[in-house]
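Chain residues, written in single-letter form:
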Amino acid sequence: MPWTCPMPVSRRLILAAAGILLGSGFGRAAAQSYGQRVAVTGDDGKAVANSILPGEITGQIPALRGVTYVGPRDAATTLYEFFDFNCPYCRKAAADVVALHAGDADLRIGLVHNPILSPQSAQAAKVMLAVQRMLGSDAAWRFYQTLLGKPGRIDGPGALAAAAALGIPQAEVEAIADSEEVRAALKSQMRMAADLGLYATPSYVLGNNGILGHPGARAMAQMIASVRRCDRLAC
């Protein structure tokens, strides 16, 4: 599988430490099976794990709170990226997602948090959710690019510093990041990832197609074009 950070064995302990244990939200994850449902390869020539997802679940993604969107509201195609700030492959993916946005005026992108790798990832996710809540998606989109454009581990203090660069007083962003509204938003986004069986980062939802791992910019653009033609990752 190309370019993925798999979920650690101790995922439940990590979530508990971050204060966002999802409880019964993990229940449906096993129902989603990933393999080569559609024969597609990444930019590296390797097979990309994918699945056809239940429409009754993917149809709930637009109702999630705190998703950062860029691109036209009326776009016919929306690509959702489920990411973790401390997944090294998410750094490469972020650059490609930004390039996709710049090169495709008819594509809408939704950024969904899935901080499964560490408590520090959850801290950073909560800060981005606070930025999104305070300043909107454009600011959160810049925040995403800033953090994933930096080397090294990303944690709460680093995320707060990035938020301060946007002109937000630290005390204000901390208060909102620790609010029940932000905790609930993060919980619902991670529950959605679990329900869709997205156990690696980055992962994507494109239409009713689930993609595990980052296939690369060219392969992703081809999949988007195929979904527009025939609602499949490859026609």
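This one's a predicted model, so the numbers in the text were calculated from it and none came from an experiment.

Enquirer: How should the state of the cysteines be read in this particular structure?
Expert: Cysteine pairs can be linked by a disulfide, which is a covalent bond between their two sulfur atoms. Inspection of the entire model under this criterion finds one disulfide. Note that Cys230 is cross-linked by a disulfide to Cys235, the S-S spacing being 2.0 Å. Between Cys230 and Cys235, the disulfide has an S-S torsion of -100° and is therefore left-handed. Taking the relative accessible area as the measure of exposure, Cys230 reaches 28% and is therefore partly exposed.

Enquirer: Sorry, what's going on with the pattern of salt bridges here?
Expert: Oppositely charged side chains may form a pair once their charged atoms are brought near each other. One pass over the structure, following the stated rule, counts four salt bridges. Linking Lys92 and Asp96 is a salt bridge whose minimum nitrogen-to-oxygen distance equals 3.4 Å. With Lys92 and Asp96 both in helix α3 (residues 88-103) and four residues apart, this pair spans about one turn of that helix. A residue is classified by how much of its surface remains accessible, and Lys92, at 41% relative accessible area, is partly exposed. Looking at Asp96, the relative accessible area reads 8%, which means it is buried. A salt bridge links Lys126 to Asp178; the nearest nitrogen and oxygen atoms lie 3.6 Å apart. Here Lys126, found in helix α4 (residues 119-135), pairs with Asp178, found in the loop between α7 (170-177) and α8 (180-195); they are 52 residues apart in sequence, far enough to count as distant. With relative accessibility at 12%, the residue Lys126 sits in the buried group.

Analysis parameters
Residues numbered from 1 in each chain as written. Predicted model: local features only at pLDDT ≥ 70, side-chain atom pairs only at ≥ 80, totals over all residues. Heavy atoms only, no water. Disulfide = S-S within 2.5 Å. Buried < 20%, exposed > 50% of the residue type's maximum accessible area, 1.4 Å probe, protein only. Salt bridge = Lys/Arg side-chain N within 4 Å of Asp/Glu carboxyl O. Helix = DSSP H or I, 4+ residues; strand = E, 2+ residues; numbered from the N terminus.

That's the geometry; what it means functionally is another story.
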